[in-house]
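Chain by chain, the residues run as shown.
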Amino acid sequence: MTTPLIIVNFKTYQGAQGLSAEKLAQTMESIDTNARLVAAVSALDISKVVDAAPDLEVWCQHLDPIGFGSNTGWLHPETAISRGAKGTLINHAEHKVSLEHVAMLLDQVPEDFEICACAADIDEAKSLAALVPNYVAVEPPELIGGDVSVTSADPQIVSDTASAVREASEEVMVLCGAGIKSGLDVSKAIELGVSGVLLASGVTKSSNPKEALEDLVSLL
Ligand code: G3P
């Protein structure tokens, strides 16, 4: 089995922006685990978070396939990379883009820059897998931010996405997300055939993020 990946999406949660983002990243960095932990932070916080937690892998939450030039307000991949980003989410349910956007971004970034494309369902996961990103993460939008983990509410979408993506490409790994909060949710996800999870509120809204993170990795 490959090292399980746990991506914590900081979104724009208050407990995960600015100074709080730096603190949360340091907490993630301090977790003793064999899992690979990634913080997907606001583009505004990348530099500061990378400086504050140099041993933690930091990703963006979104990037635009543009170069240097007149692109007001867009998120430029090369600058993100120069500021320490090692990967990005793309097409998150809260920031949808076209397939073309994803394809152009994949073309533009270096080989070792990882991309996790998010999908709302199996069909979207298959379309994204055909572009061969490093990861496809399936997240039913109605379960995002809720208390019930996708692994309990809809285990079949997790296992079916894992099989469908495997059929489309053996290179693409699958994650699942939405409502994931505990180590049990993470181990169920792995049992269902995915390589890790994408989560947010279980950590970013926790009154004790360290405890939440320790629980998430406890069964790995
Ligand atoms: O990107 C992760 C996300 O959309 C799931 O959010 O709060 O349900 O873990 P949450």
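Refer to the structure printed above.
Keep in mind the model is a prediction, meaning the values are calculated, not measured.

Draft legend 1. Fine view of the site of the ligand. Contacts to the ligand come from N9, K11, H92, E139, I144, G145, A178, G179, L198, L199, A200 and S201. With respect to the ligand, the side chain of E139 contributes an N or O atom lying 3.1 Å from an oxygen atom. At 2.8 Å, a backbone N or O of A200 approaches an oxygen atom of the ligand. Burial of the ligand by the protein chains amounts to 100% of its free accessible area of 310 Å².

Draft legend 2. Local environment of the packing of helix α5 (residues 122-129) against helix α7 (residues 155-168). Contact pair α5 / α7: the axes reach a minimum separation of 9 Å and the direction vectors enclose 25°. Considering their axes alone, α5 and α7 lie roughly parallel with respect to each other. Here α5 and α7 pass one another in a crossing that is right-handed. Residues I122, A125, K126 and A129 of α5 pack against I157, D160, T161, A164, V165 and A168 of α7. For the contact of α5 with α7, a count of residues per class yields seven nonpolar, one polar and two charged.

Draft legend 3. Main features of the pattern of salt bridges. Taken as a whole and assessed by the stated rule, the structure comprises five salt bridges. Where E114 meets R36, a salt bridge forms, and the shortest distance between an N and an O atom there is 2.4 Å. With a gap of 78 residues between them, E114 in strand β5 (residues 114-119) and R36 in strand β2 (residues 36-41) connect regions that are remote in the sequence. Judged by its relative accessible area of 16%, E114 is buried. Between K210 and E214 there is a salt bridge, with its nearest N and O atoms 3.7 Å apart. Residue K210 and its partner E214 are located together in helix α10 (residues 209-217), separated by four residues, close to a single helical turn. Classification of K210 as partly exposed rests on a relative accessible area of 34%. E214 sits in the partly exposed class, given a relative accessible area of 38%. Overlapping salt bridges, with partners in common, bring together R36, E57 and E114 in one network.

Draft legend 4. Spotlight on the packing of helix α1 (residues 18-29) against α10. Between α1 and α10, whose axes approach to 10 Å, the crossing angle comes to 35°. By crossing handedness, the relation of α1 to α10 is classed as right-handed. Contacts between α1 and α10 pair L24, T27 and M28 from the former with P209, K210 and L213 from the latter. Among the residues forming the contact of α1 with α10, the class breakdown is four nonpolar, one polar and one charged.

Draft legend 5. The nonpolar core, seen in detail. Of all hydrophobic cores here, the largest spans 59 residues; its most connected members are I6, F10 and C176. Residues within four places of F10 in sequence aside, it is in contact with A16, Q17, A21, L24, A25, M28, A39, A40, V41, Q61 and T204. Judged by nonpolar contacts, the second largest core, of twelve residues, contains L5, V38, Y135 and L175.

Draft legend 6. Region of the structure containing the pairing of strand β8 (residues 196-199). Neither face of β8 is open: one carries G196 and L198, the other V197 and L199, and all of them are buried. Relative to β8, strand β1 (residues 5-9) runs parallel, the two sharing four bridges. Bridging across to β8, I7 finds its partner in L198. When strand β7 (residues 173-177) meets β8, the two strands line up parallel, connected through three bridges. Bridge pairing in β8 places L175 opposite G196. Between the parallel pair β7 and β8, the chain is carried across by helix α8 (residues 183-191), and the sense of this crossover is right-handed.

Cut-offs and rules
- Residues numbered from 1 in each chain as written.
- Predicted model: local features only at pLDDT ≥ 70, side-chain atom pairs only at ≥ 80, totals over all residues.
- Heavy atoms only, no water.
- Near = heavy atom within 4 Å.
- Polar contact = N/O pair within 3.5 Å; in protein donor to acceptor, adjacent residues only side chain to side chain.
- Areas by Shrake-Rupley, 256 points an atom, 1.4 Å probe, with all protein chains shown as cover.
- Axes fitted to C-alpha atoms, helices over the stretch in contact; angles between N-to-C directions.
- Helix = DSSP H or I, 4+ residues; strand = E, 2+ residues; numbered from the N terminus.
- Parallel < 35°, antiparallel > 145°, perpendicular 65-115°, else oblique.
- Left-handed = near helix turned anticlockwise from the far one by under 90°.
- Contact = heavy atoms within 4.5 Å.
- Nonpolar A, V, L, I, M, F, W, Y, C, P; charged D, E, K, R; others polar.
- Salt bridge = Lys/Arg side-chain N within 4 Å of Asp/Glu carboxyl O.
- Buried < 20%, exposed > 50% of the residue type's maximum accessible area, 1.4 Å probe, protein only.
- Core = buried A, V, L, I, M, F, W, Y, C linked by side-chain atoms within 4.5 Å.
- Pairing = 2+ DSSP bridges.
- Right-handed = clockwise from strand over helix to strand, strands pointing away.

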